[in-house]
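# Notes for the structure review
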Amino acid sequence: MSPTDVNGASAPQTPLGEPDNSARNRLVIGLLLVSAFVVILNETIMSVAIPHLMADLDISASAAQWLTSAFMLTMAVVIPITGYLLQRLNTRPVFILAMSAFSAGTLLSGIAPGFEVLLVGRIIQACGTAIMMPLLMTTIMNLVPPESRGRTMGNISIVISVAPALGPTIGGFILEHLEWRWMFYLVLPIALAALALGAAKIQNVTTPSKAPLDVVSVILSALGFGGLVYGLSSLGGDASHGGGATIFPAWVPVVVGVIGLGVFITRQFALQKRDAALLDLRTFGTPVFTVSVVMMAISMMAMFGSLILLPIYMQNVLGLDASQTGLTLLPGGLVMGLMAPFVGRLFDRFGPTVLIVPGTVLVSGVLWGMTTLNQFTSIYFILGLHITLSLGLALMFTPLFTSSLGSLPRHLYSHGSAVIGTIQQVAGAAGIALFVSLMTLRTADLVADGVEAVPAMSQGIQLAFLCGAIISMFAIVAAFFIRKPPAQPMGAEPVPGH
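The numbering scheme is per chain: residues are counted from 1 as the chain's sequence reads. Totals for whole chains, interfaces and linings use every residue, but because this is a predicted model, local features are given only for residues with pLDDT of at least 70 and side-chain atom pairs only at 80 or more, for both listing and counting. Just so you know, side-chain values use all the structure's heavy atoms and leave hydrogens and water out.

## Quick look at the overall build of the chain
Looking only at helices and strands, the chain has 17 helices and zero strands in total. Going through the 498 residues of the chain one by one, you find that 60% of them count as buried. The contact rule is simple, with two residues in contact once any of their heavy atoms fall within 4.5 Å. A separation of at least 24 residues holds for 84% of the contacts in the chain among residues at least 6 apart in sequence. On the chain, roughly 18000 Å² of surface is accessible, and the fraction owed to carbon and sulfur atoms is 70%. Think of it this way: any DSSP run of H or I at least four residues long counts as a helix, any run of E at least two long counts as a strand, and we number them from the N terminus. Burial classes: relative accessible area under 20% of the type maximum marks a residue as buried, over 50% as exposed, and values in between as partly exposed (1.4 Å probe, protein chains only). Per-residue accessibility takes into account occlusion by the displayed protein chains alone, with areas from the Shrake-Rupley method and a 1.4 Å probe.

## Description of a nonpolar patch on the surface
A cluster of nonpolar side chains, contributed by Trp-368, Leu-463, Leu-466, Ile-470, Met-473 and Phe-474, occupies part of the molecular surface with about 550 Å² of accessible area. Element by element, the count of residues in the nonpolar patch is highest for helix α17 (residues 453–479), at five residues. For Phe-474, the position within the fold is in helix α17. A relative accessible area of 59% means that Phe-474 is categorised as exposed. For patches, a residue must show more than 30% relative accessible area and have no salt bridge; joins then use 9 Å for like charges and 5 Å for nonpolar side chains, namely Val, Leu, Ile, Met, Phe, Trp and Tyr. A carboxyl oxygen of Asp or Glu within 4 Å of a side-chain nitrogen of Lys or Arg is what we treat as a salt bridge.

## Re the nonpolar core
To qualify as a nonpolar core, a set must consist of buried Ala, Val, Leu, Ile, Met, Phe, Trp, Tyr and Cys residues joined through side-chain atoms within 4.5 Å. Met-99, Leu-118, Leu-309, Met-370 and Phe-465 are the most contacted members of the largest nonpolar core, which has 140 residues in total. Considering every element that reaches this core, the biggest residue donor is helix α12 (residues 287–316), with 17 residues. The residues touching Leu-118, leaving out its near neighbours within four places in the chain, are Met-46, Leu-53, Leu-57, Leu-67, Ser-109, Ala-112, Trp-180 and Phe-184. Met-339, Val-343, Phe-347 and Leu-395 belong to the second largest nonpolar core, which has six residues in total.

## Describing the packing of α12 against helix α13 (residues 322–350)
Inter-axis angles, ranging from 0 to 180 degrees, are taken between N-to-C directions of lines fitted to C-alpha atoms, where helices are fitted over the stretch in contact. It is the contact of α12 with α13, at a shortest axis distance of 9 Å, that shows an interaxial angle of 150°. Taken together, the axis directions place α12 and α13 in an arrangement best described as roughly antiparallel. The hand of the α12/α13 crossing is right-handed. Residues Met-303, Leu-310, Pro-311, Met-314 and Gln-315 of α12 touch α13, and the partners they reach there are Ala-322, Thr-325, Thr-328, Leu-329 and Met-336. Partitioned by chemical class, the residues of the contact of α12 with α13 number seven nonpolar, three polar and no charged. The cut-offs work like this: below 35 degrees is roughly parallel, past 145 is roughly antiparallel, 65 to 115 is roughly perpendicular, and the gaps in between are oblique. We call a crossing left-handed when the near helix sits turned anticlockwise from the far one by less than a right angle, and right-handed when that turn is clockwise. For this classification, Asp, Glu, Lys and Arg are treated as charged, while Ala, Val, Leu, Ile, Met, Phe, Trp, Tyr, Cys and Pro are nonpolar and the rest, including Gly, are polar.

## Examining unusual backbone geometry
Within the chain, Asp-58 stands out as a residue other than glycine whose phi angle is a positive 55°. Its location among the elements puts Asp-58 in the loop between α2 (50–57) and α3 (61–64). Taking relative accessible area as the criterion, Asp-58 reaches 68% and is therefore assigned exposed.

## Thoughts on helix α5 (residues 91–110)
For α5, built from 20 residues, the straight-helix expectation of 28 Å at 1.5 Å per residue is met to within 8% by its first-to-last C-alpha distance of 29 Å. Within the span of α5, buried status applies to Thr-91, Val-94, Phe-95, Ala-98, Met-99, Ala-101, Phe-102, Ser-103, Gly-105, Thr-106, Ser-109 and Gly-110. A helix is expected to span 1.5 Å for every residue after the first.

## With respect to the environment of His-386
In this structure, His-386 sits in helix α15 (residues 379–406). Along the primary structure His-386 and Pro-331 are separated by 55 residues, whereas in three dimensions their C-alpha atoms are 8.2 Å apart.

## Structural notes on the environment of Phe-269
Looking at the element boundaries, Phe-269 is found in helix α11 (residues 251–271). On the basis of relative accessible area, Phe-269 is assigned to the partly exposed category, the value being 42%.

## Looking at the confidence of the model for the chain
pLDDT gives the predictor's per-residue confidence on a scale running from 0 to 100. Of all residues in the chain, 86% have pLDDT values of 70 or greater, and the mean over the chain is 79. Across the chain, helix α14 (residues 353–370) holds the top mean pLDDT of 92, while helix α10 (residues 215–240) sits lowest at 72. The model gives residues 1–19 a pLDDT under 50, and that stretch makes 44 contacts with residues more than four places away or in other chains. In this model residues 239–245 is a low-confidence stretch, pLDDT under 50, and it forms nine contacts with partners more than four residues away in sequence or in other chains.

## Some details on the packing of helix α4 (residues 66–88) against helix α16 (residues 413–448)
Between α4 and α16, whose axes approach to 8 Å, the crossing angle comes to 170°. Here α16 runs roughly antiparallel to α4, going by the angle between their axes. Contact with α4, carried on its side by Thr-68, Ser-69, Met-72, Leu-73, Met-75, Ala-76, Ile-79, Pro-80, Thr-82, Leu-86 and Gln-87, involves Ser-414, His-415, Ala-418, Gly-421, Thr-422, Gln-425, Val-426, Gly-428, Ala-429, Ile-432 and Ala-433 of α16 and no other residues of that element. In terms of residue class, the contact of α4 with α16 is made up of 12 nonpolar, 10 polar and no charged.

## As for the pattern of salt bridges
Within the structure shown, the criterion is met by two salt bridges. One salt bridge connects Arg-267 with Asp-214, and the closest N-O pair in it is separated by 2.6 Å. Of the two residues, Arg-267 sits in helix α11 while Asp-214 sits in the loop between α9 (187–201) and α10, which places them 53 residues apart along the sequence. For Arg-267, a relative accessible area of 30% gives the class partly exposed. Judged by relative accessible area, which is 14%, Asp-214 ranks as buried. The partner of Asp-280 in a salt bridge is Arg-282, with the nearest N and O atoms 2.6 Å apart.

The following block contains the structure:
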């Protein structure tokens, strides 16, 4: 590396004034954005395939949703380790590791003979995705000046919000003409091309430093996050099997998860005193970061819960096919993509409040509207709700990403990125598990009482969205506490507490 390379750990950054560095930085960020879009797309591409997979693989709805939940849960377990990887390794080897894992998982998923191997393939895919997102966010925070971060974070918002939103649409088109395996066969050459191009073109923009890996923390994080989501998913599993026998009650993994997280947090507080924490929780000492993370968690629960339930509702209640379902969800994804750069510019000019407050109101209003969905609902009403939901989320994501990370001291950027990524995936997985569990429980109870399957599922979906609507009310209150971090020179540290 040259003396002008950016130090990604804790040292001051070199000002972005040299033409060679500017070109290098644009190339690195561009390649990371494209690669991240490809890997994030796979979080939700399976959602419209759930009815097909249930029939082809002879599995229940709660088992099929694990193809998405396990993906995000794996990310939540792996992402904390990326803070260690980003400190110990350089940009190029971390990128190669991420895209190699994703490509291998994609290949395995495509050739999977059954559900179990498909699930393993999805988990390997998730390992690569988990590394990519913190790498992207940390790199941008290190290379982009504060006054331009809103626009650049707008591009990240396209990756994080639009890619999952377009997943069901792309999946629907594929399933209309091909079998579900082609969702992986078509992605694989793109992933391999991104890997080859990145390996050839990406230059190192960080300086590796010695960082310890606490294995106990890794185990505790897996127990904590895994227990919570598995417990929520088990509630739906119990209901879908008519309350039949299970290995242990669903509340057991929830308790294990809560205890695991408690011990994990306690251990991080002890380790961070000597800068050895797997996930440095001093990031939560900044109020703006803490409130932003809470709001992101609520937003991800709403987005992924909706993305998993709407295809089930449109296909199983309204009787639409996968292609029609994908087309209905397409305009919302396009709205998010078109809005993200525009929202970034507004953030740079006006700050977060004028964007986040109306965004939270729109999201909450849509979730309340979704509590009225039934077997007679017009597809145009659903289309309008989804577009409005996408608009509200677009107004929220860019300001939240930029305000949260921008409020941190520079040496906590990688840990802040890891915290955000972890919370997003746990919240998304918990949202899916919670929504599907509530739908399944309510549907099973009504069917047991003699209600026909379609209206029973309709009422189950209403209950799930009611829960999401109630949760969304807290985000409206929190929106008023988000402030734009004060502009700092590239070599300066933000003032703690802002």
